[in-house]
Amino acid sequence: MDAALLARLSDPRAMAERERLKAEQRQRDWANLGYYRAANAALAERAADVVFMGDSITEMWRIAQPDLFEGGRVNRGISGQTSPQMLVRFMSDVIALNPRAVHLMCGTNDIAGNTGPTTPADYRNTVTGMVDLAEG
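Residues numbered from 1 in each chain as written. Predicted model: local features only at pLDDT ≥ 70, side-chain atom pairs only at ≥ 80, totals over all residues. Heavy atoms only, no water.

Engineer: Which parts of the structure should I look at to understand the overall build of the protein chain?
Structural biologist: On a plain count of helices and strands, the protein chain comes out with 7 helices and 3 strands. Taken from the N to the C terminus, the helices and strands of the protein chain come in the order α-α-α-β-α-β-α-β-α-α. Over its C-alpha trace the protein chain gives a radius of gyration of 15 Å, about what one expects of a compact globule, namely 14 Å for 136 residues. Dimensions of the protein chain, computed from the C-alpha atoms along their principal axes, are close to 45 × 35 × 25 Å. Buried residues in the protein chain amount to 32% of all 136 residues. Here the protein chain contributes 15 positively and 17 negatively charged side chains, and the mean placements of these two sets differ by 3 Å. (Helix = DSSP H or I, 4+ residues; strand = E, 2+ residues; numbered from the N terminus. Rg over C-alpha atoms; globule rule 2.2 N^0.38 Å. Buried < 20%, exposed > 50% of the residue type's maximum accessible area, 1.4 Å probe, protein only. Lys, Arg positive; Asp, Glu negative; His and termini not counted. Charge placed at Lys NZ, Arg CZ, Asp CG, Glu CD.)

Engineer: Sorry, what's going on with helix H5 (residues 83-93) here?
Structural biologist: Think of an α-helix as turning once every 3.6 residues; residues three or four places apart then point the same way. Among all positions in H5, only Ser-83, Gln-85, Met-86, Arg-89, Phe-90 and Asp-93 are buried. An end-on view of H5 places all buried positions within 150 degrees of arc, on one side of the element. (Arc of directions from axis to C-beta.)

Engineer: Teacher, can you tell me more about the layout of surface pockets here?
Structural biologist: The method is simple in principle: a probe with the dimensions of a water molecule rolls over the atoms, and the space it marks as empty is what remains. Each pocket or cavity is described by its volume, and for the largest pocket that value is around 430 Å³. Every residue lining the largest pocket is counted, 17 residues in all, and those nearest its centre are Arg-18, Lys-22, Glu-59, Met-60 and Ser-79. Those elements that provide at least two residues to the lining of the largest pocket are helix H2 (12-28) and helix H4 (56-64). Examining the composition of the lining of the largest pocket, we find that 7 residues originate from one element, H2, more than from any other. (1 Å grid on protein atoms, 1.4 Å probe; cavity = no way out; pocket = protein on both sides within 12 Å on 5 of 7 lines; lining within 4 Å. Points joined across faces, edges and corners; volume = space filled by probe spheres on them.)

Engineer: It is not clear to me how a nonpolar patch on the surface should be interpreted in this structure. Could you clarify?
Structural biologist: On the surface, Trp-30, Leu-33 and Val-88 cluster together into a nonpolar patch covering about 250 Å² of accessible area. Along the polypeptide, Trp-30 turns up in the loop between H2 and helix H3 (37-42). (Patch = residues over 30% accessible without salt bridge, like charges linked within 9 Å, V, L, I, M, F, W, Y side chains within 5 Å. Areas by Shrake-Rupley, 256 points an atom, 1.4 Å probe, with all protein chains shown as cover. Salt bridge = Lys/Arg side-chain N within 4 Å of Asp/Glu carboxyl O.)

Engineer: How do you make sense of the sheet that holds strand S1 (residues 50-54) when you look at a structure like this?
Structural biologist: Strand-to-strand pairing in sheets goes through backbone hydrogen bonds, with the strands running parallel or antiparallel. If you trace the 3 strands from one edge of the open sheet to the other, you get S2-S1-S3, paired in parallel fashion. The sheet terminates laterally at strand S2 (73-77) and strand S3 (101-105), the two strands that pair on one side only. Sheet twist, expressed as the mean angle between neighbouring strand axes with direction ignored, is 15 degrees. Across the face of the sheet, H5 comes into contact with S1, S2 and S3 while running at roughly 160 degrees to S1. (Pairing = 2+ DSSP bridges. Axes fitted to C-alpha atoms, helices over the stretch in contact; angles between N-to-C directions. Contact = heavy atoms within 4.5 Å.)

Engineer: What am I meant to see in the packing of aromatic side chains here?
Structural biologist: Within a pair of aromatic rings, the relevant descriptors are the distance that separates the centres and the angle that separates the planes. According to the stated counting rule, one finds 3 aromatic pairs in the structure shown. Ring centres of Tyr-35 and Tyr-36 lie 4.9 Å apart, and the angle between their planes is 75 degrees; on these two criteria the pair is classed as edge-to-face. For Tyr-35, a relative accessible area of 41% translates into the label partly exposed. By way of ring pairs, the aromatic residues Phe-52, Trp-61 and Phe-69 are connected into one cluster. (Phe/Tyr/Trp six-rings, centres within 6.5 Å; stacked < 30°, edge-to-face > 60°.)

As structure tokens, this is what we get:
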């Protein structure tokens, strides 16, 4: 990753501001259903080949490797997200884009308890829900 980008991302003031904005957003929209609303509407004219659904790892790929998300590959990562939040937004951020494939990256924030306690069965159920929707 570019050293200047890494420095900008790890700046304590920038990190604090991102956390403040995330907390504010969570109060208004727990699953971040509106996070990609405008971007999804802009894609309505063309189909997505692959949607990358995930957490901060996925979201940061857009910054670290922007050319990965060209030619029908769409990033729908949101930092800090857990699988229940992703399941809630799966219809609007994945299914509505009618992709041929979905790349799912989740679990780390579930284990961290970002949206409360979870169990392996809870995690399995939310991932199974997303898979069922994708296969639907």
